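Results of the structural survey
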Amino acid sequence: MKLFLLTSLLVATSIVKSQNVTQTTPVYQLRIYEIFENNKNHFHERFRDNAMRIMKKYNFKITSIWESKSDKKTEFVYFLEWPDEKTMKQAWEGFKSDKEWIEIKKQFTAKYGDVVGNVEDRVLTKVDYSPN
């Protein structure tokens, strides 16, 4: 009986350890969009009222949003958190091919011109000594 309990304990411990090893740490994504002063309000309207709503359908987790302005340009910056890279890639594929989003972009561009210039996308992986 003791051997059975000891074996069961070892098996359970090894299962828990293997689950911990296979768990992935979150992946963070930094997105930076160049936006234009002459129509930045239209950009914010499109992102706030449409993009964020559609992104929710694809389980985007936006953790914070900023605007940055320098002498040369204005940028819209936001930060996302994903459980893993596979989930991130699948969500972006779904969002970019979403028929409603495609139509909204088409309508906004026809009405206001380009509301986004250069786009930077950075996938960030937290280092083990990063503060929580």
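Computed from a prediction, not measured in an experiment: that's the story for all the values here.

Procedures and definitions
- Residues numbered from 1 in each chain as written.
- Predicted model: local features only at pLDDT ≥ 70, side-chain atom pairs only at ≥ 80, totals over all residues.
- Heavy atoms only, no water.
- Helix = DSSP H or I, 4+ residues; strand = E, 2+ residues; numbered from the N terminus.
- Pairing = 2+ DSSP bridges.
- Axes fitted to C-alpha atoms, helices over the stretch in contact; angles between N-to-C directions.
- Phe/Tyr/Trp six-rings, centres within 6.5 Å; stacked < 30°, edge-to-face > 60°.
- Buried < 20%, exposed > 50% of the residue type's maximum accessible area, 1.4 Å probe, protein only.
- Lys NZ or Arg CZ within 6 Å of the ring centre and 35° of its normal.
- pLDDT = per-residue confidence, 0-100.
- Contact = heavy atoms within 4.5 Å.
- Expected span 1.5 Å × (residues − 1).
- Bend = angle between axes of the 7 residues up to and from the residue.
- Salt bridge = Lys/Arg side-chain N within 4 Å of Asp/Glu carboxyl O.

Turning our attention to unusual backbone geometry. Phi at N59 is positive, roughly 60 degrees, even though this residue is not glycine. Along the chain, N59 falls in the loop between α2 (40-57) and β2 (62-69).

Through backbone hydrogen bonds, the strands of a sheet pair up, either in parallel or in antiparallel fashion. The strand order across the open sheet formed by four strands is β2-β3-β1-β4, and the pairing between neighbours is antiparallel. The open sheet terminates on both sides in strands that have one partner only, identified here as β2 and β4 (119-125). Ignoring which end each strand starts from, the neighbouring axes of this sheet average 15 degrees apart. Two strands pair when backbone bridges link them, and strand β1 (residues 27-35) and β4 are joined in this way by seven bridges, in the antiparallel orientation. Note on β4: the bridge partner recorded for R31 is D121.

On to the packing of aromatic side chains, then. One pass over the full model with this rule turns up 15 aromatic pairs. Each ring, one from F60 and one from W82, has its centre 4.9 Å from the other, and the planes form 70 degrees; the classification is edge-to-face. With F60 in the loop between α2 and β2 and W82 in strand β3 (residues 74-82), this residue pair connects regions lying 22 residues apart in the sequence. Taking the relative accessible area as the measure of exposure, F60 reaches 9% and is therefore buried. You can call W82 buried: its relative accessible area is 1%. Linked through ring pairs, Y33, F43, F47, F76 and Y78 together constitute an aromatic cluster. Over the ring of W92 we find R31; its NZ or CZ atom is 4.1 Å from the centre of that ring.

This prediction gives the chain a mean pLDDT of 87; 82% of its residues lie at or above 70. Here helix α1 (residues 2-22) stands out as the least confident element of the chain, with mean pLDDT 46; β3 is the most confident, with 98. A low-confidence stretch, residues 2-12 (pLDDT under 50), is modelled with zero contacts involving residues beyond four sequence positions or located in other chains. When the criterion is pLDDT under 50, residues 15-22 qualifies, and its contacts beyond four places in sequence or with other chains add up to zero contacts.

Turning our eyes to something else, we now look at α2. Here α2 spans 25 Å end to end across 18 residues, near enough to the 26 Å set by a 1.5 Å rise per residue. At F47, α2 shows its maximal kink, close to 35 degrees. What α2 keeps buried is the set K40, F43, H44, R46, F47, N50, A51, I54 and M55. Buried-residue contacts for α2 involve β1, β2, β3, α3 (85-96) and α4 (99-112).

Considering all chains together, one arrives at 10 salt bridges under this definition. Measuring nitrogen to oxygen at the nearest pair gives 3.8 Å for the salt bridge that ties K40 to E37. The class of K40 is buried, set by a relative accessible area of 17%. Here E37 falls in the partly exposed class, since its relative accessible area comes to 41%. When the shortest N-O distance is used, the salt bridge between E120 and R122 registers 2.3 Å. Overall, the relative accessible area of 24% leaves E120 in the partly exposed class. Looking at R122, the relative accessible area reads 39%, which means it is partly exposed. One continuous salt-bridge network, built from bridges that share partners, spans E37, K40, E67 and K69.

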